[in-house]
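Remarks on the overall topology
Residues per chain are reported as follows:
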Amino acid sequence: MNNDDQIKQLAFFFDKLLIAKCLILEEDNFFTLFDTFIEKYNLDESQVNEIRMLEKKDKKELSKLLERDLKAFRSGAYAKLVTNPALIRYSYQHQKNIFIDHIGEYLKRYGMKVPLHPEKDTQLFGEDTDRITFVETLLALELEGLIEVLSLRLGTSKPHEVTTFPLSPVTSLLGRDAHQNAFTTHKVPIVTIQITKRLIALIEPHLSYISHKLSFKGKEVFIPDGFQDSICRTLLKSTKSMKKEWSWMDVLDQREGTEGTYKDDDWRKVYGAGLEINKKVAIETGIKDLLDVNKKTIRVTPKYLPFPEK
């Protein structure tokens, strides 16, 4: 394929994925809004017809087509069609790894419901924005069960002055005119996602306790013998025990040979040891409230609970 054919092929692949997903999501008037993208790159009549035929398919058929094309994207089969060095993009695996590394910080800004916009958020998938496949990567992440795409709509970019336009699915495929010297806007996809428990398991280091070593946030915290060790052995024994709110008496009852022998003021032993554990964890990780400690109960603070993969 010559250079123009390769650009068309990229545009065609991008258009198919985007329209199929929007039809599944039942986004309003998407074909009307997206006409400019199809016409922009003078797609072949057969390509345009194939995209138009998507509107006649039911959601089950669309999902199968989407899965087929996304598997080709993930495997790199789709990328093999491109030979022009200026058009070669990052691999899916590379963009996935960058996303997993950066999404934790992104969540701190937006919370669990993450609005994504190509102009602001493409670097979640790599440093060179001209090599990023924004929509393709998001949909592939959804196929893997790492995110859920809640909304996929068209918006308008901020006015900007440009003289040249890099050829990428985030820029060239979104309707810019080449060699334009003026302030302009272009259509961009606006995506809202929800991250899944499977992704949380990847971005939140595992919380565990073995042989005086409390593992959390990629750090190992030494826990001495005594009540601190007893608390960690009890609370961090399993996912079930981590989710439980323990009374100070329940914790003391877990100490072999001392069941039911505690005094009324022995809550202080659990309370004080819990605070000491939090101090040790804070020194290593900066997290000051791993354990939720009060005079009556102690537990792992819910926001730090590990989630198993699906």
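These numbers come from a predicted model, not from an experiment.

To continue, consider the overall build of the protein chain. Looking only at helices and strands, one finds 12 helices and 11 strands in the protein chain. For the protein chain, the proportion of contacts with a sequence separation of at least 24, taken over those separated by at least 6, is 66%. A total accessible area of about 16,600 Å² is found for the protein chain, and carbon and sulfur atoms account for 49% of it.

Turning our attention to the environment of Phe222. Within the secondary structure, Phe222 is located in strand β8 (residues 219-222). In this structure Phe222 comes out as exposed when scored by relative accessible area, which is 56%. Through-space distance from the C-alpha of Phe222 to that of Ile277 is 9.3 Å; in sequence the pair is 55 residues apart. Once residues lying within four places of it in the same chain are set aside, the contact partners of Phe222 are His212 and Lys280.

Moving on to the packing of aromatic side chains. As enumerated under the stated definition, the model contains 8 aromatic pairs in all. Consider the rings of Trp267 and Tyr271, whose centres lie 5.8 Å apart with planes at 70 degrees: the pair is edge-to-face. Of the two residues, Trp267 and Tyr271 both sit in helix α12 (residues 267-285), 4 residues apart, roughly one turn of that helix. Cluster of aromatic residues (ring-pair linked, three or more members): Phe13, Phe73, Tyr78 and Tyr92. Directly above the aromatic system of Trp246 lies the positively charged group of Lys244, at a separation of 3.9 Å from the ring centroid.

Core analysis: the biggest nonpolar cluster contains 50 residues, and Phe99, Leu116 and Ile193 have the highest contact counts within it. In terms of residues, this core owes the most to one element, helix α1 (residues 3-25), which gives 12 residues. Val221, Cys232, Trp248 and Val300 belong to the second-largest nonpolar core, a separate cluster that totals 28 residues.

Before going further, it helps to examine the packing of α1 against helix α7 (residues 134-143). Put simply, α1 and α7 touch, their axes get as near as 10 Å, and they point 50 degrees apart. The angle between α1 and α7 places the two elements in the oblique class. In this structure, the crossing between α1 and α7 has a hand that is left-handed. Between α1 and α7, the residues in contact are Phe13, Phe14, Leu17, Leu18 and Lys21 and Val135, Glu136, Leu139 and Glu142, respectively.

This part takes up the sheet that holds strand β5 (residues 187-195). The strand order across the open sheet built from 3 strands is β1-β5-β2, with neighbouring strands paired in antiparallel fashion. Edge positions in the open sheet fall to β1 (113-116) and β2 (147-156), since each of these has one partner strand only. When the angles between neighbouring strand axes are averaged without regard to direction, this sheet yields 20 degrees. Taken together, the 4 bridges between β1 and β5 define a ladder with antiparallel strand orientation. When the sheet's bridge partners are listed, Pro115 is paired in β5 with Thr192. The sheet strands contacting helix α5 (residues 92-110) are β1, β2 and β5, and the helix crosses β1 at an angle near 105 degrees.

Turning to the environment of Lys237, a few remarks are in order. As for its position among the elements, Lys237 is in the loop between α9 (227-235) and α10 (239-243). Separated by 27 residues in the primary sequence, Lys237 and Ile210 place their C-alpha atoms 9.0 Å from one another.

For the rest of this paragraph, the subject is the pattern of salt bridges. Across all of its chains, the model carries 16 salt bridges by this definition. The closest approach of N and O atoms between Glu50 and Lys16, which form a salt bridge, is 3.6 Å. Highlighted residues: Glu50 in helix α3 (residues 45-53) and Lys16 in helix α1, separated in sequence by 34 residues. For Glu50, a relative accessible area of 38% gives the class partly exposed. It is possible to trace a salt-bridge network through shared partners that takes in Lys16, Glu50, Arg68 and Asp69.

Definitions and cut-offs
- Residues numbered from 1 in each chain as written.
- Predicted model: local features only at pLDDT ≥ 70, side-chain atom pairs only at ≥ 80, totals over all residues.
- Heavy atoms only, no water.
- Helix = DSSP H or I, 4+ residues; strand = E, 2+ residues; numbered from the N terminus.
- Contact = heavy atoms within 4.5 Å.
- Areas by Shrake-Rupley, 256 points an atom, 1.4 Å probe, with all protein chains shown as cover.
- Buried < 20%, exposed > 50% of the residue type's maximum accessible area, 1.4 Å probe, protein only.
- Phe/Tyr/Trp six-rings, centres within 6.5 Å; stacked < 30°, edge-to-face > 60°.
- Lys NZ or Arg CZ within 6 Å of the ring centre and 35° of its normal.
- Core = buried A, V, L, I, M, F, W, Y, C linked by side-chain atoms within 4.5 Å.
- Axes fitted to C-alpha atoms, helices over the stretch in contact; angles between N-to-C directions.
- Parallel < 35°, antiparallel > 145°, perpendicular 65-115°, else oblique.
- Left-handed = near helix turned anticlockwise from the far one by under 90°.
- Pairing = 2+ DSSP bridges.
- Salt bridge = Lys/Arg side-chain N within 4 Å of Asp/Glu carboxyl O.

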